[in-house]
Amino acid sequence: AGRAGELLTETPETIGDVDTFWVEGLPDSLDLDSASGEISGTPETPGVHPLILYAWGPAGEAMPVPLDLVVRAAEGTPEILTPAELEARVDAPFSQVLEATASPEAFRVHDLPEGLYLNEDTSTFAGTPAVSGIFSVRIQAMNAYGWGKEKAIIIDVKGRPGTVDAVTDDLPGIVKAGDAVEWQLTSADADAQYTARGLPDGLALDASTGTISGTAGEPGLYLVSVKAINASGEGSETQIALRVGGPALFWLADHFGEEAVRNTSSLESLWLGDPDGDGHNNLLEYGLGGDPHSPGTATPPELAVDPDTNELVLIVWRSEAATDTEIQVEFSPNPGDGSWQDAGDPDESVLIGNLRKETYRNLPKAAPQGFYRLRVRVE
């Protein structure tokens, strides 16, 4: 984190040896020292700058790490006071005075809807909206200390009088990847046609009937926007969040509710949670067949010595239903240097009820000590 107009220096923390760093998305006013990974310079624009950090070492390329570089506005710069949500209507004159603290001298506005413009002399954006929709508009103000923090506001441009809105009651919040679906849009006008944008790959809209059908493809969170069109023009835009996923997504929905799954921009916080406090986060609970609300229902890996062969054995119990999950055993003689390696495939695999018992016998070893860990990934 840093502040606009002030020197910033950030160095990433690493485990193990790193020879070279590279970063994607770095603002022009900042530089990267590829040997140390240090980011330095004087940031000019406040805001959140998404970065991706790459690193290479003796063991090869590390997994890329997404980062957010937060640049705070300089002291004394303006803060936008304009309301966060505004409403307008197609073909109706619209005007909004821009307001900010700290004696603003100028404003800049990004992503205004078609038909609206910024009047710099009066510090307003005005005009006559040409199309309906829900638009995110970014506003900043400047004074003698520089540009202030950017604020995003929503302008909901409604359809002109006489139009109708699409009804999306038939659309679910989540859908399983690979499933064939058919959903129906409706409206108050039986002769209306429809538009949709943001649909997942594999799904298509029949504009004349309002039927959305196909096979849901790539997992992810999709913001789907639909409209109805009648003789008076396009109606207001309706947006719904639609998440596509595999068995893991429905496991989360079963245990935490569909709304929690659909309305979060990232599932990471859900997966890393541990609501029953037993030390197993929800990702482990899913992969190992546990209940996230009942402590101790997931069986942890068991490392033991086989009394018959006197060899080291690792037993992992995993959920047979978690077909979209990869569970991998890894070994390291020294975790501090980051030198984890794949411990190989299990030597025995037996299905017992809803769980699969996997036994690892030919485990890698090192003297005087060695460490094993379980890595769980969801597709």
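Above this text is the structure in question.
Treat the numbers as computed from the prediction; the structure is a model and nothing was measured.

Engineer: Help me get a handle on the sheet that holds strand E13 (residues 124-127), residues and values and all.
Structural biologist: Taken together, 3 strands build an open sheet; the order of strands is E10-E13-E12 and the sheet is antiparallel. Of all the strands in the sheet, the pair left with one neighbour each is strand E10 (94-97) and strand E12 (116-119). The sheet shows a mean angle of 20° between the axes of neighbouring strands, direction not considered. The pairing of E10 with E13 spans 4 bridges and is antiparallel. Directly across from glutamine 96, in E13, lies its bridge partner phenylalanine 125.

Engineer: Explain the nonpolar core to me, using residue names and the numbers behind them.
Structural biologist: With 23 residues, the main nonpolar core has Leu252, Val261, Leu267, Trp271 and Val316 as its most contacted residues. Those elements that provide at least two residues to this core are helix H1 (247-256), helix H3 (268-272), helix H4 (282-288), strand E26 (312-319) and strand E27 (325-332). Of the residues forming this core, the biggest block, 5 residues, is contributed by H1. Excluding residues that lie within four positions of it along the chain, leucine 267 makes contacts with Arg243, Leu249, Leu252 and Val261. Among the nonpolar cores identified, the runner-up in size contains 20 residues, and Ala166, Ala192, Tyr194 and Leu203 belong to it.

Engineer: Please provide a residue-by-residue account of the sheet that holds strand E31 (residues 371-378), values included.
Structural biologist: The 3 strands are arranged E28-E27-E31 in an open sheet whose pairing can be described as antiparallel. Since the sheet does not close on itself, it has two edges, and those belong to strand E28 (341-342) and E31, each with one partner.

Engineer: Let's hear about the packing of aromatic side chains: which residues, and what values?
Structural biologist: Applying the stated criterion across every chain yields a total of 7 aromatic pairs. Consider the rings of tryptophan 251 and tyrosine 286, whose centres lie 5.3 Å apart with planes at 55°: the pair is tilted. Placement of the pair is tryptophan 251 in helix H1 and tyrosine 286 in helix H4, with a sequence separation of 35 residues. For the pair tryptophan 251 and tyrosine 286, one class covers both residues: buried. Ring pairing ties together the aromatic residues Trp22, Tyr54 and Trp56, which thus form one cluster. The residue whose ring lies beneath arginine 108 is tryptophan 147, and the NZ or CZ to ring-centre distance is 3.9 Å. Directly above the ring of phenylalanine 250 sits lysine 176, whose terminal nitrogen or CZ lies 5.3 Å from the centroid.

Engineer: Could you give me a rundown of the environment of glutamine 328, with the residues and numbers involved?
Structural biologist: You can see glutamine 328 is positioned in strand E27. For the pair glutamine 328 and threonine 359, spaced 31 residues apart in sequence, the C-alpha to C-alpha distance is 12 Å. Each residue touching glutamine 328, except ones within four places of it in the same chain, is listed here: Asp342, Arg373, Leu374, Arg375 and Arg377. Within polar-contact distance, the side chain of glutamine 328 engages the side chain of aspartate 342 at 3.3 Å. Among the polar contacts listed, one links the side chain of glutamine 328 to the side chain of arginine 377, at a separation of 3.1 Å.

Engineer: So what about the environment of threonine 42? Which residues, and what values?
Structural biologist: Looking at the secondary structure, you find threonine 42 in the loop between strand E5 (39-41) and strand E6 (47-57). Placed 184 residues apart in sequence, threonine 42 and valine 226 show a C-alpha to C-alpha distance of 43 Å.

Criteria and thresholds
Residues numbered from 1 in each chain as written. Predicted model: local features only at pLDDT ≥ 70, side-chain atom pairs only at ≥ 80, totals over all residues. Heavy atoms only, no water. Pairing = 2+ DSSP bridges. Helix = DSSP H or I, 4+ residues; strand = E, 2+ residues; numbered from the N terminus. Axes fitted to C-alpha atoms, helices over the stretch in contact; angles between N-to-C directions. Core = buried A, V, L, I, M, F, W, Y, C linked by side-chain atoms within 4.5 Å. Buried < 20%, exposed > 50% of the residue type's maximum accessible area, 1.4 Å probe, protein only. Contact = heavy atoms within 4.5 Å. Phe/Tyr/Trp six-rings, centres within 6.5 Å; stacked < 30°, edge-to-face > 60°. Lys NZ or Arg CZ within 6 Å of the ring centre and 35° of its normal. Polar contact = N/O pair within 3.5 Å; in protein donor to acceptor, adjacent residues only side chain to side chain.

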